[in-house]
Amino acid sequence: VQILPPLPNLGPLWAYLLWFSMKIENEIEGIISKDICNLGYILWGIELSGKNNSKLIRVYIDNEDAPINLGDCEKVNMQIKEVLENTELINFNFSLEVSSPGIERTFFNMEQLKNFREQTILVKFEEDSRKDSVLGKLLSVSDNYIEVMNNKKESIKIDANSYITSKLIYKG
């Protein structure tokens, strides 16, 4: 497990940039989610990275019936690239990458965790104005919190307002 160092505190500028990035991700999601659904896939999540004038848009898709393969990614890529190129929202150069969430998938919201009870996850959350993480078995998921049993067999409840992200940890 790789634990990354905390992000630097850049004050209001950092908060604004984070908010702006999340706003664009939400708007992109609104534009492409219907097309992805119409193709028979689930929009798992979106990541946006890069500089102001050139960004990477990474879209994760899933399918309830079968694993995602290269053909699925190509089909979705062709469809949503055309949609994104023809929207006024995207006023920057971009590269588009479509992928499955993978075996060690990132969970973009707590709702996605509901099908992964009893699995090992790494959860990042904020508590008392500091970022923290816990590795353990996912015990329960509700609209208000998730419950994880850590390696010390302690049950830890993480409030929905404190939840940042989580990742499935493959135990092969």
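The structure under discussion appears in the preceding block.
Heads up: these notes are all about the structure in this document. (Residues numbered from 1 in each chain as written. Predicted model: local features only at pLDDT ≥ 70, side-chain atom pairs only at ≥ 80, totals over all residues. Heavy atoms only, no water.)

## With respect to the overall build of the protein chain
This is how it is decided: Put simply, DSSP marks the helices as runs of H or I at least four residues long and the strands as runs of E at least two long, and each gets a number from the N terminus on. A 1.4 Å probe rolled over the protein chains alone gives each residue an accessible area, and that area as a share of the maximum for its type sets the label: buried under 20%, exposed over 50%, partly exposed in between. By the convention used here, residues are in contact when the closest approach between their heavy atoms is within 4.5 Å. The Shrake-Rupley method, run with a 1.4 Å probe, gives the accessible areas here. Residue values count only the displayed protein chains as cover.
Assigned secondary structure in the protein chain consists of two helices and nine strands. Overall, the protein chain shows an N-to-C arrangement of helices and strands of α-β-β-α-β-β-β-β-β-β-β. Evaluated residue by residue, the protein chain yields a buried proportion of 32% over its 172 residues. At a minimum sequence separation of 6, the contacts of the protein chain that also span at least 24 residues come to 51%. Summed over its atoms, the accessible surface of the protein chain is roughly 11200 Å², and 48% of this surface lies on carbon and sulfur atoms.

## Digging into the sheet that holds strand 2 (residues 54-62)
Backbone-to-backbone hydrogen bonds join strands into a sheet, with any given pair of strands oriented parallel or antiparallel. How we decide: Paired strands are those between which DSSP finds at least two bridges. Only the stretch in contact is used when a helix axis is fitted, and all axes are lines through C-alpha atoms; the angle between N-to-C directions ranges over 0 to 180 degrees.
Reading across from one edge, 1-2-3 is the order of the three strands in this open sheet, with mixed pairing throughout. The open sheet terminates on both sides in strands that have one partner only, identified here as strand 1 (42-51) and strand 3 (93-99). Shown here is a sheet whose adjacent strand axes are inclined to one another by a mean of 20°, direction ignored. Each of strand 2 and strand 3 is contacted by helix 2 (residues 70-85), which is oriented at about 150° to strand 3, the strand it contacts most.

## Remarks on the sheet that holds strand 4 (residues 106-107)
Taken in spatial order, the six strands of this open sheet run 4-9-5-6-7-8, and their pairing is antiparallel. If you trace the sheet from one side to the other, it starts and ends with strand 4 and strand 8 (155-159), each paired once. Across five bridges, the pairing between strand 5 (residues 120-127) and strand 9 (residues 163-168) is antiparallel. Within the sheet, the bridge partner assigned to Leu-122 lies in strand 9 and is Lys-167.

## Notes on the pattern of salt bridges
Definition in use: Each salt bridge in this description consists of a side-chain nitrogen of Lys or Arg and a carboxyl oxygen of Asp or Glu lying within 4 Å of one another.
Evaluation of the coordinates by the stated rule reveals nine salt bridges. Note that Asp-62 is salt-bridged to Arg-105, the shortest N-O span being 2.7 Å. You can see Asp-62 sitting in strand 2 and its partner Arg-105 sitting in the loop between strand 3 and strand 4, a full 43 residues away along the chain. Each of the salt bridges in this network shares a partner with another, and the network as a whole consists of Glu-47, Arg-58 and Glu-97.

## Here we look at helix 2
We apply this condition: Expected helix span is given by 1.5 Å per residue-to-residue step, counting one fewer step than there are residues. Each C-beta atom gives one direction from the helix axis, and the arc is the one those directions make. Polar contacts here mean pairs of N or O atoms no more than 3.5 Å apart (in protein, one a potential hydrogen donor and the other a potential acceptor; neighbouring residues in sequence count only if both atoms are side-chain atoms).
Between its first and last C-alpha atoms helix 2 spans 22 Å; for 16 residues at 1.5 Å apiece the expected length is 22 Å, and the two agree. Every buried residue belonging to helix 2 is among Asp-72, Cys-73, Val-76, Ile-80 and Leu-84, and all of these are buried. For helix 2, the angular spread of the buried residues around the axis is 85°, confining them to a single face. Of the exposed residues in helix 2, the ones pointing more than 90 degrees away from its buried face are Leu-70, Met-78, Glu-82 and Glu-85. For helix 2, the capping residue at the N-terminal end is Asn-69, with a side-chain oxygen 2.9 Å from the backbone nitrogen of Gly-71.

## So, the nonpolar core
So the rule is basically this: Take the buried Ala, Val, Leu, Ile, Met, Phe, Trp, Tyr and Cys residues and link them wherever side-chain atoms come within 4.5 Å; each set so joined is a nonpolar core.
Ranked by size, the top nonpolar core spans 21 residues in total, and within it Ile-32, Ile-36, Ile-57 and Val-59 carry the most contacts. Leave out the neighbours within four places in its chain, and Ile-57 touches Ile-28, Ile-46, Glu-47, Leu-48, Leu-84, Ile-90, Phe-92, Phe-94, Ser-95, Leu-96 and Glu-97. In terms of nonpolar packing, the next biggest core, distinct from the first, is built from 17 residues, Met-110, Val-123, Phe-125 and Leu-138 among them.

## Some remarks on the layout of surface pockets
Short version of the rule: Detection works on a 1 Å grid of protein atoms alone, calling trapped sets that fit a 1.4 Å probe cavities and calling open sets with protein on both sides within 12 Å along at least five of seven lines pockets, with lining residues defined by an atom within 4 Å of a point. Grid points are joined across faces, edges and corners, and a volume is the space filled by probe spheres set on the points.
Estimated volume of the second largest pocket: approximately 190 Å³. What lines the second largest pocket is simply Ile-42, Trp-44, Asp-62, Glu-64, Arg-105, Glu-111, Gln-112, Lys-114, Asn-115 and Phe-116.

## Some thoughts on the packing of aromatic side chains
Here is the rule: Aromatic rings from Phe, Tyr and Trp, with only the six-membered ring used for Trp, were paired whenever their centres fell within 6.5 Å, and each pair was classed as stacked if the ring planes differed by under 30 degrees, edge-to-face if by over 60, and tilted otherwise.
Per the stated rule, a full pass over the model turns up four aromatic pairs. Here Tyr-60 and Phe-108 contribute two aromatic rings whose centre-to-centre distance is 5.8 Å and whose plane-to-plane angle is 40°, an arrangement assigned as tilted. Of the two residues, Tyr-60 sits in strand 2 while Phe-108 sits in the loop between strand 4 and strand 5, which places them 48 residues apart along the sequence. Phe-108 gets classed as partly exposed once you look at its relative accessible area, which sits at 28%.

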